[in-house]
Protein chains: 2
Amino acid sequence: MLSQDHQDALAAIVGPAGLIVDAADRAAYETPARYAGGVAAAVVRPRTTAEVSAVVGYCVRHGLAFTPQGANTGLAEGSTPDGSGTHLVLSLDRLTAPLEIDVADRTATVGAGVRLSTLNAALEPHGLFLPIDLGADPTLGGMAATNTGGARFLRYGDMRRHVLGLEVVLADAAGTVLQLSHGLRKDNAALALRQLFVGGCGSLGIITAVTVEVHHRPRQSAAALLVPRDAEAVLALLQAFEAEAGASLTAFEGMSRAAMERAIAHVPSLSNPFAGGVPDYAVLVELTRSWTPREGEASLDEVLQQIAGDLLERDDSPLVDALFGPAEKMWALRHGLSEGLRASGPVVGFDLSFRRRDLARFRRDATLMLEADFPDFALCDFGHVADGGVHFNLVRTGPADPARYHALREAVLTLAVDGFSASFSGEHGLGRAFQDAYDRFTPRLVQDYSAAVAAVFGTGSASVRLGPALKS
Amino acid sequence: MLSQDHQDALAAIVGPAGLIVDAADRAAYETPARYAGGVAAAVVRPRTTAEVSAVVGYCVRHGLAFTPQGANTGLAEGSTPDGSGTHLVLSLDRLTAPLEIDVADRTATVGAGVRLSTLNAALEPHGLFLPIDLGADPTLGGMAATNTGGARFLRYGDMRRHVLGLEVVLADAAGTVLQLSHGLRKDNAALALRQLFVGGCGSLGIITAVTVEVHHRPRQSAAALLVPRDAEAVLALLQAFEAEAGASLTAFEGMSRAAMERAIAHVPSLSNPFAGGVPDYAVLVELTRSWTPREGEASLDEVLQQIAGDLLERDDSPLVDALFGPAEKMWALRHGLSEGLRASGPVVGFDLSFRRRDLARFRRDATLMLEADFPDFALCDFGHVADGGVHFNLVRTGPADPARYHALREAVLTLAVDGFSASFSGEHGLGRAFQDAYDRFTPRLVQDYSAAVAAVFGTGSASVRLGPALKS
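Read on for an overview of the structure. On a predicted model such as this, the values are computed, not experimentally measured, just so you know. (Residues numbered from 1 in each chain as written. Chains lettered and ligands numbered in written order. Predicted model: local features only at pLDDT ≥ 70, side-chain atom pairs only at ≥ 80, totals over all residues. Heavy atoms only, no water.)

1. Things to note about the environment of A265 of chain B
Thinking step 1. Here A265 of chain B shows up in helix 10 (residues 257–266).
Thinking step 2. Spatially, the C-alpha atoms of A265 of chain B and L341 of chain B are 9.9 Å apart, while their sequence positions differ by 76 residues. (Helix = DSSP H or I, 4+ residues; strand = E, 2+ residues; numbered from the N terminus.)

Structure below.
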């Protein structure tokens, strides 16, 4: 519980409405989208960068630990406090100004608390959007802090690729405000300090404003569900589509039968699109273009059918079937996978990332390992094949057992990271949920230099716990 | 001159052929592609990462200053020693292994000394290439260290976007080797330390190996020379092409009349493509696609003509003329600009980068300033409009005068950086030539944090000068 003195001092900075101490009102800030919740000493909600600076400086000077939070939609337990009740949540949800769009520049500058949906709604009349596609509706500050990826990474990349400028507040006694570039696409006039804060998950400071490059919205789209010959053929299929569709290829999403069956069974709006039963594995492929079809130009549907048709005719084709139809229906299946898994049982989620060439071999090795050692967990994986990302998720079918859960987690991560040099956090960032993995798998040298770099920015103080994972 | 003891010790590491002390043999390593040359105490050419580590450790322990060098093609005086004769050049030109291509992964892992042309020749049989397009033939290590941009940035981005992994040797007494990722496209399991070394210009350590993502080569290409209504219309023209051509748009290069006229006059292979005289400003626009035309599909030439034709018919069109023809001829004009300028007189080069919206206004303001204060310099600018990059180059038409040169440089940089928040180094990196600009224009806070971060990696020692610009 926060002392009355601290409460008064913080309320003087952010106004009475900006400080939440009541347990019921705190709950939404204490409960993450995945993993267990924690307890906050209080929630502080500054409205401006100056207020963030004042709050942070006050906390540092008084040794108050705090956790920055955006929309609290993260999947790595990075934005919620632990159970001690001693941490503040520093919520950026009122930092919703500015929201400036520069159409000619194709950039937007927004406060860290602006939601992705809000930005995209403001961009829509200009035919623009920020093409980071994911299930949640995070804040732009949170997206930068976690370096969000998503389903269109293949074409558009991650947040790192879009962030052209950051304003950050450092966790030092002065609450130093640092401006890291002003929206330039090219700038090699200094060390790329900005890049440390992208994906830094608040470990080095608090992002208060973001300038992003945005793109023209596609005006044509076509999608298909592809059935590969087998798991090994998925990569050959991807290569063929990359060669034939080039920059029009905007998604190549793999889905296991177990994941699809659970979605179809448990999400009422979905039906089985496959006439002959759900295949072992399917790929949702999407092509898009920013222009409307020109006179005499083949539609994207025709292009997609032609590429798939040519592949089907090949001897030793990596493709055995292809279903065409409305893109929305196919995306509904893809986006229904997480809900289907959750509805079918307790989910153990992994956000792994591999070199593409290792995907099939890891899946085969992991399947054998799971069948032998963890038959009470059903593998229901899906992921972004083209960028090596795998949501290697499992549904528990047996009784709850924390020791078994930990053994499973250890076994999967060991196989992936030690066996295949995979990342244990492909696109979800570094949260408390990954602290053990960070300690165990991140090379010692990288941990040491990371901690030393964090200390440069004022977050080396043991009394201030900011972000989850860099203290060694 | 390097003492015999040091010579013996370094030759013992790199072999006799790896140490150059003879003045005539040193010359190529002492003479940069732009700006004045320097004098090296010796040139050390390790063949492996282990040798780089041993050399660096030896230099640090004995207080020997050194400058890392790739192909020595940089334009910022970043890879050559100063005139003191006390610095070693640490050349990576023998570090040409490995050269591993993974076609399915669409990545390549190469030693820092591998040249861009060598990599692209090895990728060519697989239909792949590294799409960083520039006039020189740098090493991959140098490209990563300077974060090279180039003429296709618009579509493919800079080196930062392609670097998936780095091996670096730190400038500490142990010559610590740090492996920063292994070629994953997505990895958020640690701070992005790798990003500090990209564009770090050797300030934090020496890049010894690079893993890059590569792309499918285009199999169709079309180009045109566009004549905009006026300078203000260039951005509107760009917006129209971005909207209509989407990801097919791979170049949008602006060229001033003064630059084109000099190229046409001085490069024998070029002729004037414009029937009615060279216009005030022209844009080379290029569309490419990775596939060959499909049945019934419009060729890219037809697409380009259709977009330009639609624009020409518009009231208040930003376009007044468009020339179509072989892409090679148009690129020859674009690539001939630098040679044309050099042949017409002494060049003062600037590698500025702006927000796109500021390009026209800066050009107008700078032109007025130059006409008033520097009539003895002719503005011959050209650049990468879509990413805000401008090679704001001038040709001196009056007598040489170092004081006037410095006044001109100061005036242009002050207007650009103070007036428009531009970068004084868009894509050429940070070399000794920009030390004064770094000291003068890079915000004090950014300089301080950069120096502190450099110190973390062992380069804070005053006795070791590594890279040009981070010592405060």
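Moving on, there is more to tell.
2. Here we look at the pairing of strand 4 (residues 87–91) of chain B
All names here are of chain B.
Thinking step 1. Burial within strand 4 is extensive, with five of its five residues counted as buried.
Thinking step 2. A two-sided burial pattern is seen for strand 4, the buried positions comprising H87, V89 and S91 on one face and L88 and L90 on the other.
Thinking step 3. Of the strand pairs in this sheet, strand 2 (residues 40–44) and strand 4 are connected by four bridges, and their pairing is parallel. Across the sheet, the residue bridging to V43 is V89, located in strand 4. (Buried < 20%, exposed > 50% of the residue type's maximum accessible area, 1.4 Å probe, protein only. Pairing = 2+ DSSP bridges.)

3. Describing the pairing of strand 4 (residues 87–91) of chain A
Thinking step 1. As defined by bridge partners, strand 3 (residues 66–69) of chain A adjoins strand 4 of chain A across four bridges and the pair is classed as parallel. Directly across from F66 of chain A, in strand 4 of chain A, lies its bridge partner L88 of chain A.

4. Some points on helix 12 (residues 327–335) of chain B
Residue and element names in this part refer to chain B.
Thinking step 1. Those residues of helix 12 that sit buried are A327, M330, W331, L333 and R334. Within helix 12, the buried residues cover an arc of 150° as seen down the axis, which keeps them to one side. Facing away from the buried side of helix 12, by more than 90 degrees, are the exposed residues E328 and K329. (Arc of directions from axis to C-beta.)

5. Let's talk about the sheet that holds strand 16 (residues 347–348) of chain A
All names here are of chain A.
Thinking step 1. The sheet built from three strands is open, its strands ordered 16-21-18 with antiparallel pairing. If you trace the sheet from one side to the other, it starts and ends with strand 16 and strand 18 (377–379), each paired once.
Thinking step 2. As paired elements, strand 18 and strand 21 (residues 394–396) share three bridges and run antiparallel to each other. Within strand 21, the residue paired with A378 across the bridge is V395.

6. Some details on the relation of the copies chain B and chain A
Thinking step 1. Of the transformation placing chain B onto chain A, the axial shift is 0.0 Å and the rotation is 180°, giving an RMSD of 0.0 Å. Taken together, the rotation and translation describe the operation of a two-fold axis. Ranked by how close their C-alpha atoms come to the rotation axis, the residues of chain B are headed by E297 of chain B, at 2.6 Å. (Least-squares fit on C-alpha atoms with pLDDT ≥ 70 in both.)

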